[in-house]
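Next come the chains, spelled out residue by residue.
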Amino acid sequence: NNFESKDNLKDIVMDEDSGDLRSISSWASEALSWLLVASGNDAASSRFAPAFPDKQKQNNKPLRFSHFARRCASKKNKNKLPSGDNDAVYFTPVKRDRAPIIARIFRPLLRDLFVFKVVNTILTHLGIDSDFDTLQLYFGEWLRSLPADAIKANMSGNWRPMVRWLHDMILNAYQRNRHNPEELDDASLEKVVKLESLLKFCNEIEDLPKAFFIAVICIDAVSTASLQIEEKTYGKITQMDSIRPWETLLRRLRVCLLVSLRLSGEVDSGGFNPMTVSSVSKPGTFSTYAWIAKDELSLSHENQVLMAMETAYMSSSEAFYPSTADGDATAHKKAVLQSCSNSQRGSLRSPSGLTSDSLSPPLLFYLKDHGRCTTRLAAHRALILVGLWGQTPGNMLLLRRCVESLQIAQENTNQFGLATLLEIWQSRIRPVFQSLMFGLGIADELSHEVFSSLIEDRVWLSEFTFHARTVLGMILECTSKNLTQDISDEDLVSDKSEMWPPLRECPILSALVSKLRPVKSSSVMLHHIVAFTFEMTHDIDSIASAVPSFTSLFSVGSLFSEMPPIPKESIEQRGLIDQAIVDRAQKSSSNPIIDNFDCIKDVELVGKAFGLDPRYTRTRYLIEIIRLGKDASINDLLGGSSAALMKPLFIEELVEILCVRLHGIISSLKRTKQYRGVVSRLDAEASTWVKEQAERITSQDDEYTPVSLIITHSLILRLRSMAENDALSEQINSLCLISETLLKAVREQEQQRVMNV
C-alpha cells in the first residue's frame, strides 16, 4: 500500500468508545447548515441537481469485464486500448461512461478507514497512482455523484476515509518528490499539496451545497498534510499558503449559496448559465445588478424607499462581505443563513416590505458597493417590472413602477439608460400601441384574448397611453444630450474593494448598449404627438388625417427612421392643443397654489411641434384656470409670468370672462329684494354692453364658474394694470367702474342692515 501513512489526522478528536462527536470544524458546521437551508428552497431542484443523477441501484450490480474494458483507454491515445506492461490504464474521456467504474473503485471509502487500501491497490495496478491530477479528477467526479448524506459522514471524527485518502495521496506525492525530483518537481508537488485539480473541479460544480461539502473534505486533508510537510520542508511549503485557495473557494461558495437561495435559484434571466464559482468569477456571465434589483423588488416596489436603502447600506458599518474573513464570524454566518431561510421573504409580485429584522438583511447588505450604482439598479428594476407587467398587463401599477424606475435610470443621461428605454419601448410598449392604432392582429406577440378586453377599458387605456408618452419623452430627452455613464469604466476596474463578485460592467446592460442604433428625434417627436393626441381624443381617423406618415409609425424600426415634417399651425392642431389645455387646467385646478407650468410641459412640447409659440400654451392655460374660478391659486404665477404671455390674447379673453362674471353678479343682485336698488346705480350703457357680451359668450359651449364680487374686482384691477395703453383699456375701465360701484353699494347696504339690527 503506497498511500497509507502512519500519521493520524489531528484536527478532529472522536471518543472511540462512544463514537460521539466532541468537536467539528467551523467549515463543516457551515456545510451542514447550508444543506439544511437548501433542502427547503426552490433552488434545491432548479439549481442544485447533480450533473449526472445518482443511479445507486445500477452501481450496486457487478460490472461485466467487457463493459470495463470498453471504457478503458491509453492516455497517450484515447482511441486505442492500452498496450505494454508500462502503459497506464485510464478511463474513457466520456464522463457518463466512466462513472460506473469510478463509483466501484472508490466505494470502499464509504465503509471505514482501513479498507481504502483496496482503492490504492486498484489504482496502483492501473498504473495511475502517480498521476495525481487524474486521481483528483476521478475522486471529484465520484464525490459529486454521491448523495449528500454519504458525504456528511466525513465531516468530523477520525473515521473519515475520504479525508484520509486525500491526506495520504498528498504525502505520497511528497515522498515521490523527495526520492525522485525528476518525476515530480517542486512546482508540481506544490500543486498536489494544494489539490489544485480538485480546486478547479470544485469551482465548476453546479450543486453548490455539495461543492461546499467537497471543499470542506479537501481543506481538511490539505490542512493536516501540509502541516506535516511544512515541518519536514522547514517552511518551504506552508499550511497557510496551502489552505488559502480553499478558504477563498469556500467563502465564494458562501456568496453563491446566499445569492442562489435568496433568489430561489433565479440567478440568470436567460436560464442558460449554471451558477458556479467559476462562472460567477468570469466577467460577462452574470449580472450582480440584476441579482440585487430582483432582491430589492421582493422587498418593495417603491423607488424612493429602495434608493434610501441603497444609500444607507453604502455607509453602514454593520454591512460586511461574506467573501472575506469577516464573513467567517459566527454572527455573520448566522446573518447570511438567516437571509436565505427567512420564510417571510416576499416575492417579485408581492413584496414583503422593509423590516427592522437585522438577522435577515437583503442581498445589498452583503454587496454594498453596488449601492453607488443607483441608475444601473434602477434600470434592472425597470426591466424586471416590465417583464412582470407583460405577463399581467392588467396590472398597471407594475408599469407605473417600471416608468418610475426608468426615470431614475436615465437621470444622468446614461447610455444604458437610453438602451433600457428603447428595449422596454420596442419589446413591451410599442406592440401594444401598434395594436391600438392598426388592430390587434398586427402584433403577433400580443394575446388577442387578453388585450381585446383591456383596450375597451378607458381607465386602463388612459393610464397606458400616459406611461407610453412618458417613455417617449424620456427617449427624446436622452437623444438631445451627450450620453455618459454613472460610473466610469476606470472606476469599475480600479475598485479596491474586497467584495466578490467585484463591481464590474453589467453584461445585460452592455448587451443592450451594443444594440443601440441612432434614434431620430423627429420620429420620436412624431410618435409622442400621436400618443398625446390619441390620449386626448381616442379618434384614430382624425390623427391619421392630421399626420401624413401615420401608417409608418409604431413599427419595429420607426424610431430609427426619418419622418416627414407635419403641417404647422393648422386649425385642427390648435384645437387639439386647446383641448389639452382645458383638460390639464381641470386636473390642476384642485391645487391650492399653482406656481409653475410643469403640468403643461408636454402640451408645450407638442404645441412647439405644431409650430405654436409656447407663450400661447401658457396664456391659454392661465385663461382656463381663471375661467374655472381659481384666480387665487395663480396670483404669484400671474405676477411673475406676465412677460411670457401673449398679452393681447390674455386681455381679450379675460374681458369676456369678466363680462360673464359681472353679468352673473348683477342678475343675482336683481333677484334679491334688498339689493335691487344697488343695480340702479350702475351706468346703463355699460351695464347693457356687459349683458350683451355675456349672453353672446355664454351661448357657446364654454363653462364659466361663478366667482365672488371681491375676487372679480381684484382680477379687474390686475388686468387694468396690465392693459395700460391697450385697445381694450376703455372697456376695462368700464368694468372696473361697474365692479367698484357694486362693491361699494353692497358694502353700504350690509352696514345699514347691521345698524338696523
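**Student:** Sorry, what's going on with the layout of surface pockets here?
**Tutor:** The volume enclosed by the second largest pocket comes to roughly 540 Å³. Surrounding the second largest pocket, 18 residues form its lining, Gly473, His528, Lys601, Asp602 and Leu605 being those nearest its centre. Within the residue set of the lining of the second largest pocket, elements represented by two or more residues are α22 (458-479) and α28 (601-609). Considering every element that reaches the lining of the second largest pocket, the biggest residue donor is α22, with 7 residues.

**Student:** For this particular structure, what's the right way to read the packing of helix α11 (residues 196-203) against helix α13 (residues 239-262)?
**Tutor:** Helices that pack against each other are described as a pair by the angle of their axes relative to one another and the distance between those axes. Here α11 crosses α13 at 10°, and the two axes come no closer than 11 Å. With respect to α13, the axis of α11 lies roughly parallel. For the pair α11 and α13, the contacting residues are Leu198, Leu199, Cys202 and Asn203 in the first and Pro245, Trp246 and Leu249 in the second. Of the residues contributing to the contact of α11 with α13, the split by class is 6 nonpolar, 1 polar and no charged.

**Student:** So what exactly am I meant to see when it comes to helix α34 (residues 709-722) here?
**Tutor:** Quick reminder: α-helices carry 3.6 residues per turn. Residues three or four places apart thus point the same way. Helix length check: α34 (14 residues) gives 20 Å between terminal C-alpha atoms against 20 Å at 1.5 Å per residue, within 8%. Within the sequence span of α34, burial applies to Leu709, Thr712, His713, Leu715, Ile716, Leu719 and Met722.

**Student:** Before we go on, may I ask you to explain α13 in this structure?
**Tutor:** Over its 24 residues, α13 extends 34 Å from the first C-alpha to the last, a length consistent with the 34 Å expected when each residue adds 1.5 Å. By the largest-angle criterion, Pro245 marks the main kink of α13, which is about 30°. Phi turns positive, to about 55°, at Ser264, one or two residues after α13.

**Student:** Before we go on, may I ask you to explain the packing of aromatic side chains in this structure?
**Tutor:** Describing an aromatic ring pair means giving the distance of the ring centres and the angle of the ring planes. Evaluated as defined, the whole model comprises 23 aromatic pairs. Seen in terms of ring centroids, Trp425 and Phe554 are 6.2 Å apart; in terms of plane orientation they differ by 40°. Their pairing is tilted. Placement of Trp425 in helix α20 (residues 415-438) and of Phe554 in the loop between α26 (540-546) and α27 (571-588) is noted, with a sequence separation of 129 residues between them. Its relative accessible area of 1% is what places Trp425 among the buried residues. The exposure class assigned to Phe554 is buried, which follows from its relative accessible area of 0%. Where Phe433 meets Phe464, the ring centres are 5.8 Å apart and the plane angle is 40°; that geometry is what we call tilted. One end of the pair, Phe433, is in helix α20; the other, Phe464, is in helix α22, with 31 residues separating them in the sequence.

**Student:** Mind showing me how you'd approach unusual backbone geometry here?
**Tutor:** Negative phi characterises most residues that are not glycine, and trans characterises most peptide bonds. Cis geometry marks the peptide bond from Trp500 to Pro501; its omega dihedral reads -5°. Looking at the element boundaries, Pro501 is found in the loop between α23 (489-493) and α24 (507-514). A positive phi angle is found at Ser264, which is not glycine, with a value near 55°. Among the secondary structure elements, Ser264 is positioned in the loop between α13 and α14 (277-281). Under the relative-accessibility criterion, Ser264 is labelled partly exposed at 23%. A positive phi angle, near 65°, is found at Phe554, a position not held by glycine.

**Student:** Got a minute to help me understand the nonpolar core in this structure?
**Tutor:** Side chains of a nonpolar character, in soluble globular proteins, are inclined to be buried together. Of all hydrophobic cores here, the largest spans 119 residues; its most connected members are Phe464 and Ile475. For this core, the element with the most residues is helix α31 (residues 647-670), which contributes 13 residues. The contact partners of Phe464, leaving out residues within four places of it in the chain, are Trp389, Met396, Leu399, Ile429, Val432, Phe433 and Leu436.

**Student:** What exactly am I supposed to notice about the packing of helix α7 (residues 132-145) against helix α9 (residues 161-179) here?
**Tutor:** Following both chains from N to C, one finds α7 and α9 inclined at 175°, their axes separated by 12 Å at the closest point. It follows from the interaxial angle that α7 and α9 lie roughly antiparallel. In contact with Phe132, Leu135, Gln136, Phe139, Trp142 and Leu143 of α7, α9 contributes Met162, Trp165, Leu166, Met169, Asn172, Ala173 and Arg176. When the residues that make up the contact of α7 with α9 are grouped by side-chain class, the tally is 10 nonpolar, 2 polar and 1 charged.

**Student:** Help me out: how do you make sense of the state of the cysteines in this one?
**Tutor:** In a disulfide, the sulfur atoms of two cysteines are held together by a covalent bond. A complete count under the given rule lists 0 disulfides for this structure. We note that Cys373 lacks a disulfide partner, and the nearest cysteine sulfur, in Cys506, lies 10.0 Å from it.

**Student:** Help me out: how do you make sense of the pattern of salt bridges in this one?
**Tutor:** Note that side chains of opposite charge can pair when their charged atoms are close. Evaluated as defined, the whole model comprises 33 salt bridges. Ionic pairing is found between Arg244 and Asp241, a salt bridge with its closest N-O pair at 2.9 Å. On the criterion of helical spacing, the pair formed by Arg244 and Asp241 is a turn pair, its members being 3 residues apart in helix α13. Using a relative accessible area of 35% as the deciding quantity, one classes Asp241 as partly exposed. Note that Glu624 and Arg627 form a salt bridge whose closest N and O atoms lie 3.3 Å from each other. Here Glu624 pairs with Arg627, and both are found in helix α29 (residues 614-627), just 3 residues apart, close to one helical turn. Taking the relative accessible area as the measure of exposure, Glu624 reaches 9% and is therefore buried. Residues joined by salt bridges that share partners form a network here, namely Glu30, Arg251, Arg254, Asp328 and Lys333.

Conventions adopted
- Residues numbered from 1 in each chain as written.
- Predicted model: local features only at pLDDT ≥ 70, side-chain atom pairs only at ≥ 80, totals over all residues.
- Heavy atoms only, no water.
- 1 Å grid on protein atoms, 1.4 Å probe; cavity = no way out; pocket = protein on both sides within 12 Å on 5 of 7 lines; lining within 4 Å.
- Points joined across faces, edges and corners; volume = space filled by probe spheres on them.
- Helix = DSSP H or I, 4+ residues; strand = E, 2+ residues; numbered from the N terminus.
- Axes fitted to C-alpha atoms, helices over the stretch in contact; angles between N-to-C directions.
- Parallel < 35°, antiparallel > 145°, perpendicular 65-115°, else oblique.
- Contact = heavy atoms within 4.5 Å.
- Nonpolar A, V, L, I, M, F, W, Y, C, P; charged D, E, K, R; others polar.
- Expected span 1.5 Å × (residues − 1).
- Buried < 20%, exposed > 50% of the residue type's maximum accessible area, 1.4 Å probe, protein only.
- Bend = angle between axes of the 7 residues up to and from the residue.
- Phe/Tyr/Trp six-rings, centres within 6.5 Å; stacked < 30°, edge-to-face > 60°.
- Core = buried A, V, L, I, M, F, W, Y, C linked by side-chain atoms within 4.5 Å.
- Disulfide = S-S within 2.5 Å.
- Salt bridge = Lys/Arg side-chain N within 4 Å of Asp/Glu carboxyl O.

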